[in-house]
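Coordinate inspection notes
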Amino acid sequence: MLRITARSLASAMRSTMIPTSSRVAAVRSLHGTEESAEEFDKRYEKYFSREGIDAWEIRKGMNDLLGMDLVPSPKIIEAGLRASRRVNDIALAIRWLEGCKDKCGDQKATLYPYLLEKITPTLQELGVPTLEELGYDKPELALKSVYDA
């Protein structure tokens, strides 16, 4: 009796699993087209330029971008800085700069100066200091030795 019940349960499970897996495969194969870099940039620029965006939504967009395997383009960085300024959150703007610098990874020596060169007019317009101006590029406790004086 138990063997018959187990066999009928197994066949019922097999019959329900096969159509599901084929449906999943069909959905994944027809998921959509790949987004170009320009469309991606425009999408995030539009996201940060929305009217009525609040600090939580800005943080979410920034966190999503920093979680991806890419360095945000200067246009996206500028849009994030402007959004931070609209909600009057300087700490968020500085944190955004820190995150973008960190995303440069081992290419920090070449990518970060390029990004700074492109976004410097926006930083000056918004009154946001760079990380170097704030001293955030050096460790906080890196003091001169008393023996070097």
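Residues numbered from 1 in each chain as written. Predicted model: local features only at pLDDT ≥ 70, side-chain atom pairs only at ≥ 80, totals over all residues. Heavy atoms only, no water.

As named in an unreviewed UniProt entry, the protein chain is Cytochrome c oxidase subunit 5A, mitochondrial, taken from Drosophila kikkawai. Under Pathway (unreviewed entry), UniProt gives the following word-for-word description of the protein chain: "Energy metabolism; oxidative phosphorylation." Note on the protein chain: under the UniProt heading Sequence similarities (unreviewed entry), the record states "Belongs to the cytochrome c oxidase subunit 5A family." (UniProt positions renumbered as here; feature names shortened; annotations may be inferred.)

**Let's talk about the nonpolar core**
Within the largest apolar cluster, 27 residues are counted, with the highest numbers of intra-cluster contacts made by Phe48, Ile77, Leu81, Trp96 and Leu97. Contributions of two or more residues to this core are made by α2 (37–48), α3 (55–66), α4 (74–86), α5 (90–103) and α6 (108–126). If we ignore the near neighbours within four places in the chain, the residues touching Trp96 are Met62, Leu65, Leu66, Pro72, Ile76, Ile77, Gly80 and Leu81. (Core = buried A, V, L, I, M, F, W, Y, C linked by side-chain atoms within 4.5 Å. Buried < 20%, exposed > 50% of the residue type's maximum accessible area, 1.4 Å probe, protein only. Helix = DSSP H or I, 4+ residues; strand = E, 2+ residues; numbered from the N terminus. Contact = heavy atoms within 4.5 Å.)

**Structural notes on the packing of aromatic side chains**
In total, this model carries five aromatic pairs according to the counting rule given. Taking the centre distance of 6.4 Å and the plane angle of 65° together, the rings of Tyr44 and Tyr47 count as edge-to-face. Separated by three residues within a single helix, Tyr44 and Tyr47 lie in helix α2, roughly one turn from each other. Owing to a relative accessible area of 22%, Tyr47 belongs among the partly exposed residues under this scheme. Arranged with centres 5.5 Å apart and planes meeting at 75°, the rings of Tyr47 and Phe48 form a pair that is edge-to-face. (Phe/Tyr/Trp six-rings, centres within 6.5 Å; stacked < 30°, edge-to-face > 60°.)

**Quick word on the pattern of salt bridges**
This structure, assessed with the given rule, holds seven salt bridges. Arg50 is paired through a salt bridge with Glu57; the nearest N and O atoms lie 3.2 Å apart. Taking relative accessible area as the criterion, Arg50 reaches 32% and is therefore assigned partly exposed. Glu125 is the partner of Arg82 in a salt bridge, and the nearest nitrogen-oxygen pair spans 3.0 Å. Pair noted here: Arg82 is in helix α4 and Glu125 is in helix α6, with a separation of 43 residues, a long-range link. Taking relative accessible area as the criterion, Arg82 reaches 32% and is therefore assigned partly exposed. (Salt bridge = Lys/Arg side-chain N within 4 Å of Asp/Glu carboxyl O.)

**Quick notes on the side chain of Thr130**
Residue placement: Thr130 occurs in the loop between α6 and α7 (131–134). On the basis of relative accessible area, Thr130 is assigned to the buried category, the value being 13%. The residues contacting Thr130, other than those within four sequence positions of it, are Leu116 and Leu123.

**Here's the deal with the side chain of Glu78**
Within the element layout of this structure, Glu78 appears in helix α4. We note that Glu78 is buried and unpaired, the nearest opposite charge coming from Arg82 at a distance of 5.0 Å. In this structure, Glu78 is in contact with Lys118, Ile119 and Thr122, ignoring residues within four places of it in sequence. (Lys, Arg positive; Asp, Glu negative; His and termini not counted.)

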